2 protein chains.
Amino acid sequence: MMSQSLLLVAHGSRRAASNEEVEALTDKMRQSAGDRFLSVRCAFLELAEPSIPDGIDQCITDGAKEVLVLPYFLSAGRHVSEDIPHEVEGRQTAHADVDIRILPYMGADSRIADLLLSTVG
Amino acid sequence: MMSQSLLLVAHGSRRAASNEEVEALTDKMRQSAGDRFLSVRCAFLELAEPSIPDGIDQCITDGAKEVLVLPYFLSAGRHVSEDIPHEVEGRQTAHADVDIRILPYMGADSRIADLLLSTVG
């Protein structure tokens, strides 16, 4: 599995603090993942860097043969259904030897209801 | 605790399907919660109904003496730090006998990194 990279993809914000929250989450995921992935990175659909194509290319430069794109989105809007696939498609075409796969977006996770409930004192 | 209501607050979208995802999540939370709350509802900051004030008033009509407002947001932007508190403040002033409390927004949950990692095959 060490030829896999994980790329957390967020929307991106004009607020630096919001983008930094995504970077901090990515750092935390990297630590939790141990040596499960070659690299764990983040990228942004818009308003922040790196872009999704740049993030994918960074993973490939890391040596990834498989890039797992994980959309950090709550709902299946246009960004999840069209924009992210479009960005990924371009890099998949450019790197036919690398498998770039989009995972289900975060909001699709059936455990979120229980996660939210358990935060309530 | 049966005098508590839980109000999940989402941004709201022009896409009906996104709002329906929030409603489905709310239904799931209501089922999971069993009889822990008097009611479990959702409300939207903008673009969808009910509004936050209307959602709070529905909880109070249910008989709630305490309304827990849970922001379904990934980052602590202006919506979380200013807009939601502003909406809540107006209803708190109108209902001095009810305790309306805003919980930490979803993205602040330290378990999200592990939740995301565990979705990756």
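This is a predicted model, so every value here is computed, not measured.

## Some words on the environment of Tyr-105 of chain B
Right, on to step 1. Mapped onto the elements, Tyr-105 of chain B comes out in the loop between strand E4 (99-102) and helix H4 (112-119).
Right, on to step 2. Note: C-alpha distance between Tyr-105 of chain B and Ala-76 of chain B (29 residues apart in sequence) is 7.4 Å.
Right, on to step 3. In contact with Tyr-105 of chain B, other than residues within four places in its own chain, are Glu-21 of chain A together with Pro-71, Phe-73, Leu-74, Ser-75, Ala-76 and Val-80 of chain B.
Right, on to step 4. At a separation of 2.5 Å, a polar atom in the side chain of Tyr-105 of chain B contacts the side chain of Glu-21 of chain A.

## As for the layout of surface pockets
Empty space among the atoms becomes visible once a probe the size of a water molecule is rolled across them.
Right, on to step 1. Considering only enclosed or pocket space, the largest pocket measures out at about 1400 Å³ in volume.
Right, on to step 2. Of all the secondary structure elements, the ones that give two or more residues to the lining of the largest pocket are helix H1 (16-33) and helix H3 (78-94) of chain A together with helix H1 (16-33), helix H3 (78-94) and H4 of chain B.
Right, on to step 3. Take the lining of the largest pocket: its biggest share by element is seven residues, from H1 of chain A.
Right, on to step 4. A class-by-class count of the residues in the lining of the largest pocket yields 21 nonpolar, 18 polar and ten charged.
Right, on to step 5. For the second largest pocket, the lining is made up of 14 residues, of which Gly-107, Ala-108 and Asp-109 of chain A together with Glu-21 and Leu-25 of chain B are closest to its centre.
Right, on to step 6. When contributions to the lining of the second largest pocket are tallied by element, the ones reaching two or more residues are helix H4 (112-119) of chain A together with H1 of chain B.
Right, on to step 7. The greatest single-element share of the lining of the second largest pocket, amounting to five residues, is contributed by H1 of chain B.
Right, on to step 8. The residue inventory of the lining of the second largest pocket, partitioned by class, reads nine nonpolar, two polar and three charged.

Conventions used here
- Residues numbered from 1 in each chain as written.
- Chains lettered and ligands numbered in written order.
- Predicted model: local features only at pLDDT ≥ 70, side-chain atom pairs only at ≥ 80, totals over all residues.
- Heavy atoms only, no water.
- Helix = DSSP H or I, 4+ residues; strand = E, 2+ residues; numbered from the N terminus.
- Contact = heavy atoms within 4.5 Å.
- Polar contact = N/O pair within 3.5 Å; in protein donor to acceptor, adjacent residues only side chain to side chain.
- 1 Å grid on protein atoms, 1.4 Å probe; cavity = no way out; pocket = protein on both sides within 12 Å on 5 of 7 lines; lining within 4 Å.
- Points joined across faces, edges and corners; volume = space filled by probe spheres on them.
- Nonpolar A, V, L, I, M, F, W, Y, C, P; charged D, E, K, R; others polar.

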